[in-house]
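What follows is the residue order along each chain.
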Amino acid sequence: MRNRPFVKRTLPCLAVVLAVTMQAAPAHAGLFDKIISAASAILNKSAQTQTQPLKSGVTGAQATVKTENFSVEKHFIEKVVTETQAGYGSDLRKNSKAVAEKVNSVATETHTEIIPEYTEKGLNFRLAYDETAVQNPKLLVKDLALVRMLTSTSQYWSGSSIFEGTINDKLRAEVESPHAIAELITNVREGSPTAKARWNTLQAELLENVSLKTNVLQEMGLSSNVIYDIREELKAQAPALDEAAAQHARKQQKALDKWKSETGALDKMEAMQDKLDDLILKNDRKGVRQMLEAYLPWSVMEPVEANTWKIWLEAIEHPDASKTTVAFRGLKYDTDKIQRKQTANGEVYGFMSTVLTKNQGSYTRRLRSLSTNREKNGDIGFKVHGENIRSTKITDQMTAHARNPVASSFISFTYDPSVAHRFMGQNVTKQVKGENVSVPYGGLLVVKMDSRRMIPNVPSMYSNEIELLAPLIVFPDEVVKYKEGSFTNEYSFANFVKEISDRTGINFTNWSTAADANNEGLRERYNREGHEFLKQMTEVNLKAMSCSKVF
């Protein structure tokens, strides 16, 4: 046997190990067993002074703040909110920010709720919470972590003193624009089963690489597993929510198919003598609205989507001349198709988005593409989640257009005539009767239209891009001027810009410093009107239009 010093050093340690692993001491306990028994007593006494963590991740019946000077509201809620307000945004686009508000009661299981709100300064994610959540901080963790993520300008949170982690690469495109999340949450609050299922899944995946810092866990008396436990609860809810969403989608689609079959509404529209392009060139706004109402798939639309189309349809039939936007578009004839008509007052022009010009059949029949196009471009996260249900959003369609405008429901415009000029197709040379002839292959379009139908594409989040979107159609009476063909020495681009400036009262010769009739800079107006329209979109004040009300 080793010498006595070694025994003195190792025997107590060995006794502790045995005390932890053995169930009970034998009845004929000797000296060695007494050592084990004593070590066990010490360990048990230490364990009794600690509260064992529950499965929920909260120590005890409810979380107890261990540090006397630690305030849940001041050192947890307010600190997270403050950290989201750094680097608020550019003059063209604002990053979202977090605000917190304590209310009397929040009717959710966590006693918290994330509420998207638009102001003149941009998008806020307001965290509403009540005293129950303050007394049980675990209830605050999920929504505070999500608010921190949704308002972060970076994929990595190196500057956070509360949370640490990253946003998964595969989710980055889905949460890149906070406006898409604001639309999704609004649809959830309006009772959409598909939005509820998607938001549940997205929350679980967003929380995958997130944790609370150790000192915060200790100060609030929370288990290190608290976010893991929250994520597992969300995953457990997913099958039932997904099934409810799938059932809802099937039910709504069945109702839409039945309406089409029983009424024959679309066939009747397509049998009319005047097609969509004819109505546009006649400036028949009421007729165009009725046609669009028939083809839009109201029963399967999400609440915000339906509300947005209601705004656009009202602006089509009843344009507001007191609130208009002047914008430019460069046309190139390999992508842009012009509708023309000779009248007693000269030639008039109408324009449509590529979802209508790139398809086949009459322009009326091409409206059937509205249903499939919204599914194709309206859910960026669909491929990420691999689900059988879609959570369609207008903001995703706007973002998809910015990335790739092919087969889009929108037509792009800009305040900047120079940018439009760069996209304009120049004259091409063709042989006509054996002679080379210069033929227009594009032009420069200027429109003045109801601002509800000329929307700053703030959701795209391309920080330096001035892009305005017109949904589907431009009427002849909205065209200020269409200059077809290349500019010449006799009529230069500078001459064109000066003419438009004189006619509209806006100095587009230097658009970035130009002001409109209200003396508001165009860059400031872009930001303000973009967020104003997003606010109108999310202020849902109707249920999806019933198909039976169309006819």
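Look up: the structure comes first, before these words.
Everything numeric in this text was worked out from a predicted model, so none of it was measured.

Rules and cut-offs
- Residues numbered from 1 in each chain as written.
- Predicted model: local features only at pLDDT ≥ 70, side-chain atom pairs only at ≥ 80, totals over all residues.
- Heavy atoms only, no water.
- Helix = DSSP H or I, 4+ residues; strand = E, 2+ residues; numbered from the N terminus.
- Buried < 20%, exposed > 50% of the residue type's maximum accessible area, 1.4 Å probe, protein only.
- Contact = heavy atoms within 4.5 Å.
- Salt bridge = Lys/Arg side-chain N within 4 Å of Asp/Glu carboxyl O.
- Polar contact = N/O pair within 3.5 Å; in protein donor to acceptor, adjacent residues only side chain to side chain.
- Phe/Tyr/Trp six-rings, centres within 6.5 Å; stacked < 30°, edge-to-face > 60°.
- Lys NZ or Arg CZ within 6 Å of the ring centre and 35° of its normal.
- Pairing = 2+ DSSP bridges.
- Axes fitted to C-alpha atoms, helices over the stretch in contact; angles between N-to-C directions.
- Expected span 1.5 Å × (residues − 1).
- Parallel < 35°, antiparallel > 145°, perpendicular 65-115°, else oblique.
- Left-handed = near helix turned anticlockwise from the far one by under 90°.
- Nonpolar A, V, L, I, M, F, W, Y, C, P; charged D, E, K, R; others polar.
- Core = buried A, V, L, I, M, F, W, Y, C linked by side-chain atoms within 4.5 Å.

Colleague: An account of the overall build of the protein chain is requested, with residue identities and associated values reported.
Modeller: A tally of regular secondary structure across the protein chain gives 21 helices and 16 strands. Relative to its 551 residues, the protein chain shows a buried fraction of 50%. At a minimum sequence separation of 6, the contacts of the protein chain that also span at least 24 residues come to 71%.

Colleague: Explain the pattern of salt bridges to me, using residue names and the numbers behind them.
Modeller: Enumeration according to the criterion identifies 37 salt bridges in this entry. Salt-bridge contacts for E131 lead to K102; the nearest nitrogen and oxygen are separated by 2.4 Å. Of this pair, E131 sits in helix α4 (residues 131–135) while K102 sits in strand β1 (residues 97–102), and the two are 29 residues apart along the sequence. Residue class for E131 comes out partly exposed when judged on its relative accessible area of 33%. Connected via shared salt-bridge partners are E174, R198, D379, K393 and D396.

Colleague: Could you give an account of the side chain of S412, with specific residues and numbers?
Modeller: With respect to the element layout, S412 can be found in strand β9 (residues 410–413). Under the relative-accessibility criterion, S412 is labelled buried at 18%. A polar atom in the side chain of S412 sits 3.1 Å from the side chain of E467. Leaving out residues up to four positions away in the same chain, S412 has contacts with R329, H401, E467, L468 and L469.

Colleague: Could you give an account of the packing of aromatic side chains, with specific residues and numbers?
Modeller: The geometry of two aromatic rings is summed up by the distance between their centres and the angle between their planes. The full count for this structure, using the stated rule, is 12 aromatic pairs. Seen in terms of ring centroids, Y415 and Y526 are 6.3 Å apart; in terms of plane orientation they differ by 80°. Their pairing is edge-to-face. With a gap of 111 residues between them, Y415 in the loop between β9 and α19 (417–423) and Y526 in helix α21 (residues 522–538) connect regions that are remote in the sequence. We note that Y415, like Y526, is buried. Three or more aromatic residues joined by ring pairs form one cluster here, namely W309, W312, F410 and F533. If you follow R366 out to its NZ or CZ, it ends over the ring of Y363, 4.2 Å from the centre. Over the face of the ring belonging to F487 we find K483, whose NZ or CZ atom lies 5.0 Å from the ring centre.

Colleague: Mind laying out the sheet that holds strand β13 (residues 455–456), listing which residues take part and the relevant values?
Modeller: Through backbone hydrogen bonds, the strands of a sheet pair up, either in parallel or in antiparallel fashion. The strand order across the open sheet built from 3 strands is β9-β14-β13, with neighbouring strands paired in antiparallel fashion. A single partner strand is all that each edge strand has here, and the edge strands are β9 and β13. Inspection of the sheet shows β13 paired to strand β14 (residues 468–471) by 2 bridges, in the antiparallel sense. Looking at β14, one finds that P456 is bridged to L468. Where helix α18 (residues 394–403) meets the sheet, it contacts β9, β13 and β14, and its direction lies at approximately 55° from that of β9.

Colleague: Hey, could you go over α21 for me, with residue numbers and the actual values?
Modeller: Over its 17 residues, α21 extends 24 Å from the first C-alpha to the last, a length consistent with the 24 Å expected when each residue adds 1.5 Å. Within α21, the full set of buried residues consists of L522, R525, Y526, N527, E529, G530, H531, F533, L534, M537 and T538.

Colleague: Account for helix α3 (residues 72–83), naming residues and giving values.
Modeller: In this model α3 runs 16 Å from its N-terminal to its C-terminal C-alpha over 12 residues, within 8% of the 16 Å that 1.5 Å per residue would give. Here α3 has its buried residues at V72, F76, I77, V80, V81 and E83.

Colleague: Which residues make up the packing of helix α7 (residues 178–189) against helix α8 (residues 193–206), and what values do they have?
Modeller: As a packed pair, α7 and α8 sit with axes 8 Å apart at the nearest point and diverge in direction by 125°. Regarding the angle of α7 to α8, the classification is oblique. The element α7 and its partner α8 pack so that their crossing is left-handed. Contact residues: α7 offers I181, L184, I185, N187 and V188, while α8 offers A195, K196, R198, W199 and L202. Among the residues forming the contact of α7 with α8, the class breakdown is 7 nonpolar, 1 polar and 2 charged.

Colleague: Tell me about the nonpolar core, residues and numbers included.
Modeller: In summary, soluble globular proteins display a tendency toward joint burial of nonpolar side chains. Judged by nonpolar contacts, the single largest core of 126 residues is most densely connected at F76, F163, L212, L276 and F413. With 9 residues, helix α5 (residues 138–150) is the largest single contributor of residues to this core. If sequence neighbours within four positions are ignored, L212 has contacts with F76, V141, I162, F163, L217, L222, V226 and I227.

Colleague: Which residues make up the environment of S391, and what values do they have?
Modeller: If you trace the backbone, S391 turns up in the loop between α17 (382–385) and α18. Separated by 146 residues in the primary sequence, S391 and A245 place their C-alpha atoms 9.6 Å from one another. Once you skip the residues sitting within four places of it in the chain, S391 turns out to touch L184, T194, A195, R198, E302, G378 and D379.

Colleague: Would you mind going over the pairing of strand β6 (residues 324–332) in detail, with residue names and values included?
Modeller: In terms of residue burial, β6 counts as a mostly covered element, since 8 of its 9 residues are buried. As paired elements, β6 and strand β12 (residues 442–450) share 9 bridges and run antiparallel to each other. From the neighbouring strand, F328 faces β12, where its bridge partner is V446.

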